[in-house]
Amino acid sequence: MKKSLFNQYKKFLPITHKTPEVTLGEGFTPLVKSRNLSNKFNCEMYFKLEGCNPSSSFKDRGMFMAVSKAIENKKQKIICASTGNTSASAAAYGARYNLETFVIIPAGKIALGKLLQAMAYGAKIISIDGNFDQALKAVREISDNLGLEIVNSINPYRLEGQMTGAFEISDELDGAPDFQFMPVGNAGNISSYFKGYKKYMDAKKISKLPKLIGIQAENSAPLVDNKIIDSPSTLASAIRIGNPASSKLAKDAISVTGGKFIKVSDDEIINAQSILAKEEGLFCEPASAASLAGFFKYAESEDDYKGKTLTFILTGNGLKDPEVAKKYLSSKIIKTSSKIKDIAESIQNGKSKSFIRRFF
Ligand code: F0G
C-alpha cells in the first residue's frame, strides 16, 4: 500500500512513536466535480465519495485512528452503538487487528448491507429493542466495567481521524471550499471537519473556513428544532438520532463558520438520492443524499453560493441500503426472449412483445 492516512497526515494526528500503524487503505477518496448540477446552479459543486472507503463509509477515517490508539493502549475489545456504518467499520478493523468487536444496534432499524457487513467481519452483534440513543447510553454505561474501548465518535480519536476529510479536500482544491453541505446524525463528522479546517487554518494551509451547513432529517432534527427528539424517525436510517452526542461541538462549528442547520423531508432525500444517481452517476445512501437535499432547500432562499465552490460529503455507498433503493429508485426492466430479433426490438421500442415490469 503506497499511501495511508496514518503516514500522510501524521503531523496533524495524535500519533507518536508508540502508535502502531493501522490501515485498511482508508481515505484518499475521490472528489468528483459535478457535470450537470453545477451548470444549473451557477456554482462549482464537488462530491466527496466517502462510500469509496474500505467499509464503504466515512467511518473508516475515524476508525483507523481509534483502533491505532486502542492497540497502543493495550485494549483487546472494542464496542460501539450504531445506526449501521460505525458497526460495519468497527467490525472490519476489529477483524483485521484481532480485537473482539461488540456492536449494539437498534433491532430492525439498520440497513441490510450494514448488518451483513458486521456479520461478515465476525462482530458480536447485540440487537436491542430500542433506538440508537438508547444503544449509545448503554455503551457509555457498561463499557468501562467490561474493559471495552468505545469506538463511537465520543472517542476523541475518532474525531481526530475524521479531520483527514477536511485535509484532503483542502489539499485537492488548493484551499477550503466556500460552503460544505453534510448530513448530521450524532454530529461527530461535522465537528471533525470543523476541527480539521481549523487545524489547516492554524497551519496556514488554507486562508478561510467553509460555511458548514449541517443537514438533518425532518423528524430526526434535534439540532434544527433545538430539542431532544425521543422517537426520531426517517427512512435515512443512518441519521435517525434524537440526541446527538456532539451537539455542542456541532453548534460551535455552525456559529463560528456562519453556517446553519437545515432539515429536509424523506421525499426530498429520495429526490436528491435519485438526482445524484441519475444525473451525476453517484449512488450514495439516503443519509448522504440529505446533503444535496439540504442544498436545494438552501438555494430556495439564498443566492450567496452562486459563483462559489461547494463540497458535499456523500458519507456512504448506496449499496448499503438496498431496501430503500429497491422501494424508491428501481426502474423498469424490459423482459424478452433470447431471440436476437426480440432483443433488438426491445432496444428500439423500449418494450417487447412480452411485458414490462418493475425489477423487484
Ligand atoms: N451519513 C452516514 C452514512 C452515517 O452513517 C452517519 C452516522 C452520518 C451521515 C452522520 O454522521 O453521526 O457523525 O453526524 N452514522 C453513525 C453510525 C451514527 O452509527 O453509523 P455523524
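Remember, predicted model here, so these are calculated numbers, not experimental data. (Residues numbered from 1 in each chain as written. Predicted model: local features only at pLDDT ≥ 70, side-chain atom pairs only at ≥ 80, totals over all residues.)

Enquirer: Any chance you could explain the sheet that holds strand 3 (residues 77-81) here in plain terms?
Expert: Sheets are built from strands that pair by backbone hydrogen bonding, the pairs being arranged parallel or antiparallel. Taken together, the four strands give an open sheet; going across it, the order is 5-4-3-6, and neighbouring strands pair in parallel fashion. Looking along the sheet, the strands with just one partner apiece sit at the ends: strand 5 (124-128) and strand 6 (149-150). Summarising the sheet, strand 4 (residues 100-106) and strand 5 pair through five bridges and their orientation is parallel. When the sheet's bridge partners are listed, Ile104 is paired in strand 5 with Ile126. The sheet strands contacting helix 4 (residues 85-96) are strand 3 and strand 4, and the helix crosses strand 4 at an angle near 170 degrees. (Pairing = 2+ DSSP bridges. Helix = DSSP H or I, 4+ residues; strand = E, 2+ residues; numbered from the N terminus. Contact = placed C-beta atoms within 7 Å. Axes fitted to C-alpha atoms, helices over the stretch in contact; angles between N-to-C directions.)

Enquirer: It is not clear to me how the sheet that holds strand 7 (residues 179-183) should be interpreted in this structure. Could you clarify?
Expert: The strand order 1-2-10-7-8-9 describes an open sheet built from six strands, whose pairing is mixed. Sheet topology places strand 1 (31-33) and strand 9 (260-264) at the edges, where each strand pairs with a single neighbour. Taking each pair of neighbouring strands and ignoring which way they run, the sheet shows an average axis angle of 25 degrees. The sheet contact formed by strand 2 (residues 44-49) and strand 10 (residues 309-314) spans six bridges and is parallel.

Enquirer: Which parts of the structure should I look at to understand the packing of helix 12 (residues 266-280) against helix 13 (residues 286-301)?
Expert: Packed helices, taken two at a time, are described by the angle their axes make and the gap between the axes. Where helix 12 contacts helix 13, the two axes come as close as 7 Å, and the packing angle between them is 100 degrees. Here helix 12 lies roughly perpendicular to helix 13, going by the angle between them. Only Pro286, Ala289, Ala290, Leu292, Ala293 and Phe296 of helix 13 make contact with helix 12, whose side of the interface consists of Glu268, Ile269, Ile270, Asn271, Ala272, Gln273, Ile275 and Leu276. When grouped by side-chain class, the residues that make up the contact of helix 12 with helix 13 number 11 nonpolar, two polar and one charged. (Parallel < 35°, antiparallel > 145°, perpendicular 65-115°, else oblique. Nonpolar A, V, L, I, M, F, W, Y, C, P; charged D, E, K, R; others polar.)

Enquirer: Whenever I open this one, the confidence of the model for the protein chain confuses me. Can you help?
Expert: Keep in mind that low pLDDT regions are not for reading the predicted coordinates in detail. Scored by pLDDT, the protein chain comes out at a mean of 95, with 96% of its residues at no less than 70. Within the protein chain, strand 7 carries the highest mean pLDDT (99), whereas strand 12 (residues 355-358) carries the lowest (39). In the predicted structure, residues 352-360 sits below a pLDDT of 50 and forms 21 contacts with residues beyond four places in sequence or in another chain. (pLDDT = per-residue confidence, 0-100.)

Enquirer: Just to check I follow, could you spell out unusual backbone geometry for this structure?
Expert: Working note: non-glycine residues mostly have negative phi, and peptide bonds are mostly trans. Positive phi, close to 55 degrees, is recorded for Asn98, a residue that is not glycine. When you line up the elements, Asn98 lands in the loop between helix 4 and strand 4. Judged by local crowding, Asn98 falls into the exposed class, with 8 C-beta atoms found within 10 Å. Positive phi values are uncommon outside glycine, yet Ala187 reaches one of about 70 degrees. Topologically, Ala187 is positioned in the loop between strand 7 and helix 9 (188-202). Owing to 26 C-beta atoms within 10 Å, Ala187 belongs among the buried residues under this scheme. (Buried ≥ 20, exposed ≤ 12 C-beta atoms within 10 Å, placed from the backbone.)

Enquirer: What exactly am I supposed to notice about the site of the ligand here?
Expert: The immediate surroundings of the ligand are formed by 21 residues, with Asn85, Gly185, Asn186, Thr315 and Gly316 found nearest. Mapped onto the shell around the ligand, the elements with two or more residues apiece are helix 4, helix 9 and helix 13. By residue class, the composition of the shell around the ligand is six nonpolar, 14 polar and one charged. Summarising the domain contributions, the shell around the ligand has at least three residues from each of domain 1 (5-56 + 158-325) and domain 2 (59-156). (Near = placed C-beta within 6 Å. Domains from an automatic or database assignment.)

Enquirer: Please clarify how the domain arrangement of the protein chain should be interpreted in this entry.
Expert: One frequent convention defines the size of an interface as the accessible area lost when the parts assemble. Assigned domains of the protein chain: these are domain 1 (5-56 + 158-325) and domain 2 (59-156). Here the C-alpha centroids of domain 1 and domain 2 sit 21 Å apart. Taken together, the contacts link 39 residues of domain 1 with 37 residues of domain 2. Broken down by element, the side of domain 1 that touches domain 2 gets its largest block of residues, five residues, from helix 7 (residues 156-162).

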